[in-house]
Amino acid sequence: MRIDIVTVLPGLLESPFSHSILQRARNKGLAEIHVHNLRDYSGNKHKSVDDYPYGGGAGMVMSVIPFANCIDHLQKERSYDEIIFMSPDGELLEQPLANTLSLKKNLLILCGHYKGIDERIREHYVTREISIGNYVLSGGELPAAVLVDAVVRLLPGVLSDETSALSDSFQNGLVDAPSYTRPADFRGWKVPDILLSGNTPEIDKWRFEQSLERTRSRRPDMLK
Ligand code: SAH
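As recorded by an unreviewed UniProt entry, the protein carries the name tRNA (guanine-N(1)-)-methyltransferase and is attributed to Anseongella ginsenosidimutans. According to UniProt, the comment filed for the protein under the heading Sequence similarities (unreviewed entry) is "Belongs to the RNA methyltransferase TrmD family." Database annotation for the protein, UniProt heading Subcellular location (unreviewed entry): "Cytoplasm".

Encoded structure:
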């Protein structure tokens, strides 16, 4: 999978993709992530990428020209399965959407800033708008990093234990069971006996019951 991200703040995206699972995915060649600086496509000598909003009002708007230049340039090199705009009014990012996107080959993600981006980019280029939650952040970079993490960890070979993404919360409509590791007794806080029993079928059964119980108590909405 190849993911291209367009941003005015490329530095903000360096760290999230340079550690742990995402870095491993890149090193293994399972995911290629390319970050593009929108200013390189500004088309003006001041490298400006925003302007005052038509009709007045607070906040700057990201201009149509830099995004159009950048997307046109990238589309000449490959076609994208989706051109995604991170936006608080988009479709809410949930596990099924991450699953769907993990099956794509080329994704292009646009990060907004300030008041947002010129609507014409959304109308003429964007194929999907995604929100990471009902709150407003100052830019699309952190949402893009969240999306990329949710998608890339699903690619076969990225997680060391390939089945583990499937047993995570939401994949089977339930939240995950509790986890424990050594020591078995810490200050008298004991690990449930069943997990020390070595009886795999019984452990699976216990985990499933825990998942169900937790979903009932924490996320009854998921059982509807
Ligand atoms: N005026 C806009 C908010 C702009 S916030 C509105 O009220 O909807 C600036 C940018 O941050 C957005 O263009 C978007 O790219 C990003 N952003 C902010 N919150 C987000 C969220 N919850 N999910 C995804 N992207 C978000």
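Visitor: Before we go on, may I ask you to explain the overall build of the protein in this structure?
Guide: Counting secondary structure elements, the protein contains seven helices and nine strands. Reported as C-alpha extents along the three principal axes, the dimensions of the protein are approximately 70 × 40 × 35 Å. Within the span of the protein, comprising 224 residues, buried residues form 25% of the whole. Across the protein, the fraction of contacts at a sequence separation of at least 24, relative to all contacts at a separation of at least 6, is 73%.

Visitor: In this structure, what is going on with the UniProt feature "binding site: S-adenosyl-L-methionine" (unreviewed entry) in the protein? I would like to understand it.
Guide: Residues annotated in UniProt with the feature "binding site: S-adenosyl-L-methionine" (unreviewed entry) correspond here to Gly112, Ile132, Gly133, Asn134, Tyr135, Val136 and Leu137. Tracing the chain through its elements places Asn134 in the loop between strand 7 (128-131) and helix 6 (141-152). Assessed through the 8 C-beta atoms surrounding it within 10 Å, Asn134 is described here as exposed. As for its placement among the helices and strands, Leu137 is situated in the loop between strand 7 and helix 6.

Visitor: For this particular structure, what's the right way to read unusual backbone geometry?
Guide: Apart from glycine, the bulk of residues carry a negative phi angle, and the bulk of peptide bonds sit in the trans form. Here Arg182 and Pro183 are connected by a cis peptide whose omega angle stands at 0°. Residue Ser20 is not a glycine yet carries a positive backbone phi of 50°. As for its position among the elements, Ser20 is in helix 2 (residues 20-27). Notably, Phe170 is not glycine yet its phi reads approximately 80°, a positive angle.

Visitor: I'm lost on the pairing of strand 6 (residues 106-110) in this one. Help?
Guide: For a regular strand, side chains alternate in direction, first toward one face of the sheet and then toward the other. Within strand 6, four of the five residues are buried, which leaves the element mostly enclosed by the surrounding structure. As paired strands, strand 5 (residues 82-92) and strand 6 are joined by four bridges and run parallel to one another. What sits directly across from Ile83, in strand 6, is Leu108.

Visitor: Mind showing me how you'd approach helix 3 (residues 64-77) here?
Guide: In an α-helix, one turn spans 3.6 residues; hence positions three or four apart end up facing the same way. Along its 14 residues, helix 3 runs 21 Å from first to last C-alpha, staying within 8% of the 20 Å computed at 1.5 Å per residue. Within the sequence span of helix 3, burial applies to Pro66, Phe67, Cys70 and Ile71. Considered in projection along helix 3, the buried side chains sweep an arc of 120° and stay on one side of the axis. Exposed and oriented more than 90 degrees from the buried face of helix 3 are Asp72, His73 and Lys76. In this structure, the buried side of helix 3 is in contact with strand 1 (2-7), strand 2 (32-37), strand 4 (61-62), strand 5, strand 6 and helix 5 (119-124).

Visitor: Where do I start with the site of the ligand in this structure?
Guide: Contacts to the ligand come from 19 residues, most closely from Met86, Gly112, Leu137, Gly140 and Pro143. For the shell around the ligand, the element with the highest residue contribution is strand 5, accounting for four residues. Residue composition of the shell around the ligand, by class: nine nonpolar, eight polar and two charged.

Visitor: For this particular structure, what's the right way to read the domain arrangement of the protein?
Guide: Many structure descriptions define interface size as the accessible area lost when the parts assemble. By the assigned domains, the protein splits into domain 1 (2-152) and domain 2 (167-224). On a C-alpha basis, the centres of domain 1 and domain 2 stand 37 Å from each other.

Visitor: Help me understand the sheet that holds strand 2, please; the structure alone is not making it clear to me.
Guide: Think of a sheet as strands paired side by side through backbone hydrogen bonds, with each pair either parallel or antiparallel. Judged by pairing direction, the sheet is parallel, and its five strands sit side by side in the order 2-1-6-5-7 without closing on themselves. At either margin of the open sheet sits one strand with a lone partner, and together these are strand 2 and strand 7. Between one strand and the next, the sheet's axes are offset by a mean angle of 30°, whatever the strand orientation. Where strand 1 meets strand 2, six bridges bridge the pair, whose relative direction is parallel. In the sheet register, Asp4 faces strand 2, and the bridge partner there is His34.

Cut-offs used in this document
Residues numbered from 1 in each chain as written. Predicted model: local features only at pLDDT ≥ 70, side-chain atom pairs only at ≥ 80, totals over all residues. UniProt positions renumbered as here; feature names shortened; annotations may be inferred. Helix = DSSP H or I, 4+ residues; strand = E, 2+ residues; numbered from the N terminus. Buried ≥ 20, exposed ≤ 12 C-beta atoms within 10 Å, placed from the backbone. Contact = placed C-beta atoms within 7 Å. Pairing = 2+ DSSP bridges. Expected span 1.5 Å × (residues − 1). Arc of directions from axis to C-beta. Near = placed C-beta within 6 Å. Nonpolar A, V, L, I, M, F, W, Y, C, P; charged D, E, K, R; others polar. Domains from an automatic or database assignment. Axes fitted to C-alpha atoms, helices over the stretch in contact; angles between N-to-C directions.

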